[in-house]
Structures are given as structure tokens and as C-alpha cells.
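A look at the structure
Read off the chains here:
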Amino acid sequence: LGYMGPVLRAGRVKEGLVNVTDISVELTSPTTATATIEDWEGMLAAGGHVAELVKIHGKWVVTEFQMTWIS
């Protein structure tokens, strides 16, 4: 589940594609963070996700990824 590789935000939303409409990251400690991601594909096609991250050997690693809502 989730995105297969890097996701880049476009300058404008394109219907039918996965458009990341919001990303926010909260640093919960020097080595942990929570990222919330919202996407929109079209009318009645959107979703929200939460990713938990841990910094290991200087790199951020996703340890948990779950969908929080879907439209």
C-alpha cells in the first residue's frame, strides 16, 4: 500500500492522477516523526494517510503507513 517511489507536488492539480494536495511533518523527537499526506484524484476520489518515521543511521525510514480516510 502507499506510493511506489517518490511523490512530487505539481504546480497544479490534474484530474485522474494522484495529486498530493497537502504534506505536513511533525518532528516528535530527534529520531521520530509523523507525516500526514492528503491526495486528490478527482470528484469523490481522495484520501488521507499517516506515516510514522524513524531516523536510522542518519536516514529517515517509514516504519508504519496507514490510510486515515477515503472519499
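Our subject in this report is the structure included herewith.

Definitions and limits used
- Residues numbered from 1 in each chain as written.
- Predicted model: local features only at pLDDT ≥ 70, side-chain atom pairs only at ≥ 80, totals over all residues.
- Heavy atoms only, no water.
- Helix = DSSP H or I, 4+ residues; strand = E, 2+ residues; numbered from the N terminus.
- Buried < 20%, exposed > 50% of the residue type's maximum accessible area, 1.4 Å probe, protein only.
- Contact = heavy atoms within 4.5 Å.
- Areas by Shrake-Rupley, 256 points an atom, 1.4 Å probe, with all protein chains shown as cover.
- Pairing = 2+ DSSP bridges.

Some words on the overall build of the protein chain
Along the backbone of the protein chain there are 0 helices and 4 strands. Counting helices and strands in the order they occur from the N terminus, the protein chain gives β-β-β-β. Here the protein chain holds 71 residues, and the buried ones make up 21% of them. By sequence separation, contacts in the protein chain at least 24 residues apart represent 22% of the contacts at least 6 residues apart. Summed over its atoms, the accessible surface of the protein chain is roughly 5,300 Å², and 60% of this surface lies on carbon and sulfur atoms.

Regarding the environment of Gly16
Tracing the chain through its elements places Gly16 in the segment before strand 1 (19-29). Judged by relative accessible area, Gly16 falls into the exposed class, the value being 62%.

What to know about the pairing of strand 2 (residues 32-42)
Pairing of strand 1 with strand 2, which is carried by 9 bridges, proceeds in the antiparallel orientation. Considered in strand 2, the bridge of Glu26 is made with Thr34. Taken together, strand 1 and the strand that follows it, strand 2, pair antiparallel across an intervening segment of 2 residues. Direction of pairing for strand 2 relative to strand 3 (residues 45-56): antiparallel, over a ladder of 10 bridges. The residue bridging Trp40 from the neighbouring strand is Ala46, located in strand 3.

As for unusual backbone geometry
We note that Leu44 has phi near 60°; this positive angle belongs to a residue other than glycine. Take Leu44: it is sitting in the loop between strand 2 and strand 3. Given a relative accessible area of 74%, Leu44 falls into the exposed group. Of note, His57 is a non-glycine position whose phi angle comes to about 50°, a positive value. Looking at the secondary structure, you find His57 in the loop between strand 3 and strand 4 (59-70). Residue classification places His57 among the exposed positions, given a relative accessible area of 81%.

Quick word on the environment of Gly48
Position of Gly48 relative to the elements: it lies in strand 3. Taking the relative accessible area as the measure of exposure, Gly48 reaches 1% and is therefore buried. Once the C-alpha coordinates of Gly48 and Trp69 are considered, the two residues, 21 residues apart in sequence, prove to be 5.1 Å apart. Each residue touching Gly48, except ones within four places of it in the same chain, is listed here: Ile37, Glu38, Gln66, Met67, Thr68 and Trp69.

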